[in-house]
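# Understanding the architecture of this molecule
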Amino acid sequence: MDHTEAVDQYAVEKYLLEELSPEARAAFEEHYFGCEECATDICAAAVFIAQARKELARPAIVAVKEPRRKLFNFPSLLRPAFAVPAMAAMALVIGFQNIVTVPQLRQEVAVVSQPQILPSVTLVDGQSRGEEIRTVAAKAHEAFLLSVDIPADNRFSGYLCSLYSPSGKMVWQLRIPASQAADTVPIQVPADSTEAGQNTLLVQGVTSDAGAAQVDIVRYRFLLQIR
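### So, the nonpolar core
Within the largest apolar cluster, 35 residues are counted, with the highest numbers of intra-cluster contacts made by Phe 28, Leu 146, Ile 150, Leu 201 and Phe 222. Excluding residues that lie within four positions of it along the chain, Leu 146 makes contacts with Val 121, Leu 123, Val 185, Pro 186, Ile 187, Val 189, Leu 201 and Phe 222.

Written out as structure tokens, the structure is:
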């Protein structure tokens, strides 16, 4: 998939909404690793979705309605007794968006759009497979990098990386095209997508046969410290 196809197919939006087929998802992932514009769009859209989820998670206020006594009267909406509180509520909503929500989104988008030095941990050449456990220290809500060694094998058409939190819950998965497995793969872990403590990254190979079975290859462990 090239950049023109990604734009025409709305690949960024469908990728974040998980509406791409497995083949299209793998093709887009292979593309955006080398496309700065698509990578920036994904980061910006992910920030927007995370903020929207926070706003939608706020508890709704349910008002108790009085029994309806007469039919709806539009002119009554223009009376000061109704219009003034309604305009005040609308002003509060607009003010909240302009003062809090929109600037916060702009600030977060600006952060992900600028060059950054991210905390990182290297999981290569057998490191963190045995007794040694690597540590990465990140600030709260800060992304970090995993440099992952994926043992290449001709049996597999691609690879699947799954991150498990200290409690054993799978928090995300990422498909890696076979063409990228020859080198160490840098994975940016989104902010707030995991927990402090010992995390596990499971690397699986996806077979190319009709069943597309997933074969465990290696488990990496690393310790995440939140400063």
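### Quick word on the pairing of strand E3 (residues 144-148)
Residues of E3 alternate between two faces, with Phe 144, Leu 146 and Val 148 buried on one and Leu 145 and Ser 147 left unburied on the opposite face. Two strands pair when backbone bridges link them, and strand E1 (residues 120-123) and E3 are joined in this way by four bridges, in the parallel orientation. Of the residues in E3, the one forming a bridge with Val 121 is Leu 146. Here E3 pairs with strand E6 (residues 185-189) via five bridges, running antiparallel. Each residue of the ladder has a partner; that of Leu 145, found in E6, is Gln 188.

### Remarks on the sheet that holds E6
The strand order across the open sheet built from three strands is E1-E3-E6, with neighbouring strands paired in mixed fashion. Strands at the two margins of the open sheet, each flanked by one partner only, are E1 and E6. Averaged over all pairs of adjacent strands, the angle between strand axes in this sheet comes to 20°, irrespective of strand direction.

### Some thoughts on the pattern of salt bridges
Under the definition given, this model contains two salt bridges. Ionic pairing is found between Arg 155 and Asp 153, a salt bridge with its closest N-O pair at 3.2 Å. Classification of Asp 153 as partly exposed rests on a relative accessible area of 27%. A salt bridge links Asp 216 to Arg 219; the nearest nitrogen and oxygen atoms lie 3.7 Å apart.

### A few points about unusual backbone geometry
A positive phi angle, close to 50°, is found at Tyr 10, a residue other than glycine. Here Tyr 10 shows up in the loop between helix H1 (3-8) and helix H2 (11-16). Although it is not a glycine, His 141 sits at a positive phi angle of roughly 70°. Turning to its location among the elements, His 141 is positioned in the loop between strand E2 (134-138) and E3.

### So, the sheet that holds strand E4 (residues 156-164)
Judged by pairing direction, the sheet is mixed, and its five strands sit side by side in the order E2-E8-E7-E4-E5 without closing on themselves. Of all strands in the sheet, those bounded by a partner on one side alone are E2 and strand E5 (170-177). Neighbour to neighbour, the strand axes of the sheet diverge by 30° on average, direction disregarded. Bridge count between E2 and strand E8 (residues 214-226): five bridges; the pairing is parallel. If you follow Val 136 over to E8, its bridge partner there is Leu 224.

Cut-offs applied
- Residues numbered from 1 in each chain as written.
- Predicted model: local features only at pLDDT ≥ 70, side-chain atom pairs only at ≥ 80, totals over all residues.
- Heavy atoms only, no water.
- Core = buried A, V, L, I, M, F, W, Y, C linked by side-chain atoms within 4.5 Å.
- Buried < 20%, exposed > 50% of the residue type's maximum accessible area, 1.4 Å probe, protein only.
- Contact = heavy atoms within 4.5 Å.
- Helix = DSSP H or I, 4+ residues; strand = E, 2+ residues; numbered from the N terminus.
- Pairing = 2+ DSSP bridges.
- Axes fitted to C-alpha atoms, helices over the stretch in contact; angles between N-to-C directions.
- Salt bridge = Lys/Arg side-chain N within 4 Å of Asp/Glu carboxyl O.

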